[in-house]
Amino acid sequence: MNTPVWPPPGFAALDRAAVGVLLDNWTGTYTVPSRTLYPHQWSWDSAFVAIGLRHVSARRAQRELESLFGAQWADGRVPHIVFDRAAPPEGYFPGPDFWRSPAHPASPAVATSGLVQPPVHALAAWLTFQADPAQARRRGFLSRLYPKLVAWHRYLADRRGVDGLVAIVHPWESGMDNSPSWDDALGRVEPTPIDAFRRRDLHHVQAAERPTDTDYGRYVRLAADYRDSGYADRLDDAQFVLLDPMVNALFAASEAALADIAAEVGADPLPHREAAARVSAALVDRLFADELCHAYDVPARRLSPERTIAGLTPLVVPDLTVAPALVKSALGEHFRLGQTALLPSYDLTGAAFDPSRYWRGPAWFNTSWLVWHGLTRHGELDHADRLREVTLTAAQQAGFREYVHPFTGEGRGATDFSWTAALVLDLLR
Ligand code: 2M8
């Protein structure tokens, strides 16, 4: 019998090309998601990049996370964007002048946004450490990062805690900006008129592949209101307060990773293991229905009926009690794991399904990687292998695009996109 060879020989060029993208998008201290569309540092992008970059240079992957945590606020929040002041101001909206972070007493020296993104960082830090433990120990990588990760999780639990889960206050915080899960809640928000600001994203990507002007107006309104409150996290007054399954899945998985990190640096892992178990139980208790996890609208007290890939990502949580149901959902008609070019971001049968528009149907490499990681974690190796195979084929056909059409695999959004290259590399190594 032949022993299977991994990666298959045909993927050597893909591996080289992925490394090339990561080298090109490296700025000296971190990696931009895209040289054109996103010319600054993004929080969860850097975490995904570290997961791939560790195979190229363990030191560089550590630097990626260290530079992000260098911009952590005194209140523990890790900002969703860290701005490069040298980048042209017309490159991205909303830029540093919109967020006005230096005016806030808790902000770091560098200009940042005031929102956050899904907490995948402790998981990324642990995987980065594992790439070269001896080198990481020499640099004190985890002993320096551990207290910062703890402060980050404390911010989420204390300032964003609702019923044992973590709330988001803006669609940008979910990482899945215009997911149909936010439509009802966004309907309560009066959009800022489109002539009051200038979108920059449409300079780089077709309008049909990005959020609409009305949705952008709502994002701007919510962000401006949060900024004007002094980034105060008054959840009782906010219009948009949602419990998102992916944010909470990553919080639980990252608490589990923090337990491993704590043990490595000589701290007590037990509080982290207990926190992971609590969040995991709350996730199932509050967000699981009809064989999937859903977003919960806190002011409306309503579980969203929408099915998005965020609802499958709790597979990343160790010992998740509902993992078999999530696997069944991944294979069913809504997501069709292994039968499409890549896992769609939204229900293939959903009323709002659009195969080209941002997070309303297209397939993304990071969410597919999370499901792959989760399937592996839960011993579903055949399904994990199939997902890895379609993911690599999608990258081979489309290149390192930001996302792809879920049926044809045609590339969409930015080209030479960093987390796509990084996660493809992780699947290859
Ligand atoms: C997208 O989000 C930014 C705002 O943060 C945007 O649309 O301008 C999302 O896909 C998000 O998940 C990602 O982190 C960011 C940068 O890649 O782009």
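Source: prediction; values computed, not measured.

Caption draft 1: Looking closely at the overall build of the protein chain. Scanning the protein chain for helices and strands turns up 15 helices and twelve strands. Its C-alpha atoms give the protein chain a radius of gyration of 20 Å, near enough to 22 Å, the size a compact globule of 429 residues would have. Considered along the principal axes of its C-alpha atoms, the protein chain spans approximately 65 × 50 × 45 Å. A burial count over the protein chain gives 54% of its 429 residues as buried. Within the protein chain, counting contacts between residues at least 6 apart in sequence, those at least 24 apart form 72% of the total.

Caption draft 2: View of the site of the ligand. Every residue near the ligand is listed here: Pro33, Tyr38, Trp42, Trp44, Asp45, His80, Trp172, Gly175, Asp177 and Asp201. In terms of residue class, the shell around the ligand is built from five nonpolar, two polar and three charged.

Caption draft 3: Main features of the sheet that holds strand β11 (residues 403-404). The strand order across the open sheet built from three strands is β10-β11-β12, with neighbouring strands paired in antiparallel fashion. With partners counted over all chains shown, the strands left at the sheet margins are β10 (363-364) and β12 (411-412), one partner each.

Caption draft 4: Structural detail: the nonpolar core. By size, the foremost hydrophobic cluster in this structure holds 134 residues, and its most contacted members are Ala125, Leu242, Ala422 and Val424. Among the elements that line this core, the one with the most residues is helix α10 (residues 245-265), at 13 residues. Those residues within four positions of Val424 in sequence are excluded, and the remaining contacts are Leu14, Ala18, Phe365, Leu392, Ala395 and Phe400.

Caption draft 5: Examining the UniProt feature "domain: Mannosylglycerate hydrolase MGH1-like glycoside hydrolase" (unreviewed entry) in the protein chain more closely. Residues given the UniProt feature "domain: Mannosylglycerate hydrolase MGH1-like glycoside hydrolase" (unreviewed entry) here are residues 38-420. As annotated, residues 38-420 comprises 43% helix and 7% strand, and the C-alpha atoms at either end are separated by 14 Å.

Caption draft 6: Examining the sheet that holds strand β3 (residues 161-162) more closely. As summarised here, the arrangement of the five strands in space is β3-β4-β5-β8-β9, forming an open sheet in which the pairing is antiparallel. The strands lining the two open edges of the sheet, one partner per strand, are β3 and β9 (302-303). Taken together, the two bridges between strand β5 (residues 242-243) and strand β8 (residues 296-297) define a ladder with antiparallel strand orientation. The residue bridging Leu243 from the neighbouring strand is Tyr296, located in β8. Packing against the sheet, α10 makes contact with β4 (165-168) and β5, and its axis sits at approximately 135 degrees to β4. Taken strand by strand, helix α11 (residues 270-287) contacts β4, β5 and β8, and its axis lies near 65 degrees from that of β4.

Caption draft 7: Seen up close, α11. Here α11 is 18 residues long and its end C-alpha atoms lie 25 Å apart, about the 26 Å a rise of 1.5 Å per residue gives. Taken as a whole, α11 has its buried residues at His272, Ala275, Ala276, Val279, Ser280, Leu283 and Leu287. End-on, the buried residues of α11 take up no more than an arc of 130 degrees, which puts them together on one face. Those residues of α11 that are exposed and aimed more than 90 degrees away from the buried face are Leu270, Glu274 and Asp285. In this structure, the buried residues of α11 make contact with β4, β5, α10, β6 (288-289), β7 (292-293) and β8.

Caption draft 8: Seen up close, the packing of helix α7 (residues 141-159) against α10. Running from amino to carboxyl end, α7 crosses α10 at an angle of 145 degrees, the nearest separation of the two axes being 10 Å. Remark: the crossing between α7 and α10 carries left-handed chirality. For the pair α7 and α10, the contacting residues are Leu142, Ser143, Tyr146, Leu149, His153 and Leu156 in the first and Phe251, Glu255, Leu258, Ile261, Ala262, Glu264 and Val265 in the second. In terms of residue class, the contact of α7 with α10 is made up of nine nonpolar, two polar and two charged.

Caption draft 9: Focus on the environment of Ala282. Secondary-structure assignment places Ala282 in helix α11. On the neighbour-count criterion, Ala282 (18 C-beta atoms within 10 Å) is partly exposed. Between the C-alpha atoms of Ala282 and Phe129, which are 153 residues apart in sequence, the distance is 29 Å. Setting aside anything within four residues of it in sequence, one finds Ala282 in contact with Asp163, Gly164 and Leu165.

Caption draft 10: Highlighting the environment of Ala238. Mapping Ala238 onto the fold places it in the loop between α9 (213-228) and β5. Distance in space between the C-alpha atoms of Ala238 and Ser107 is 22 Å, their sequence separation being 131 residues.

Caption draft 11: Spotlight on helix α3 (residues 58-69). An ideal rise of 1.5 Å per residue puts 16 Å on twelve residues; α3 measures up with 17 Å between its terminal C-alpha atoms. Where α3 is buried, its residues contact β1 (41-42), α2 (43-53), β2 (81-82), α5 (121-131), α6 (133-139) and α7.

The rules behind each value
- Residues numbered from 1 in each chain as written.
- Predicted model: local features only at pLDDT ≥ 70, side-chain atom pairs only at ≥ 80, totals over all residues.
- Helix = DSSP H or I, 4+ residues; strand = E, 2+ residues; numbered from the N terminus.
- Rg over C-alpha atoms; globule rule 2.2 N^0.38 Å.
- Buried ≥ 20, exposed ≤ 12 C-beta atoms within 10 Å, placed from the backbone.
- Contact = placed C-beta atoms within 7 Å.
- Near = placed C-beta within 6 Å.
- Nonpolar A, V, L, I, M, F, W, Y, C, P; charged D, E, K, R; others polar.
- Pairing = 2+ DSSP bridges.
- Core = buried A, V, L, I, M, F, W, Y, C linked by C-beta atoms within 7 Å.
- UniProt positions renumbered as here; feature names shortened; annotations may be inferred.
- Axes fitted to C-alpha atoms, helices over the stretch in contact; angles between N-to-C directions.
- Expected span 1.5 Å × (residues − 1).
- Arc of directions from axis to C-beta.
- Left-handed = near helix turned anticlockwise from the far one by under 90°.

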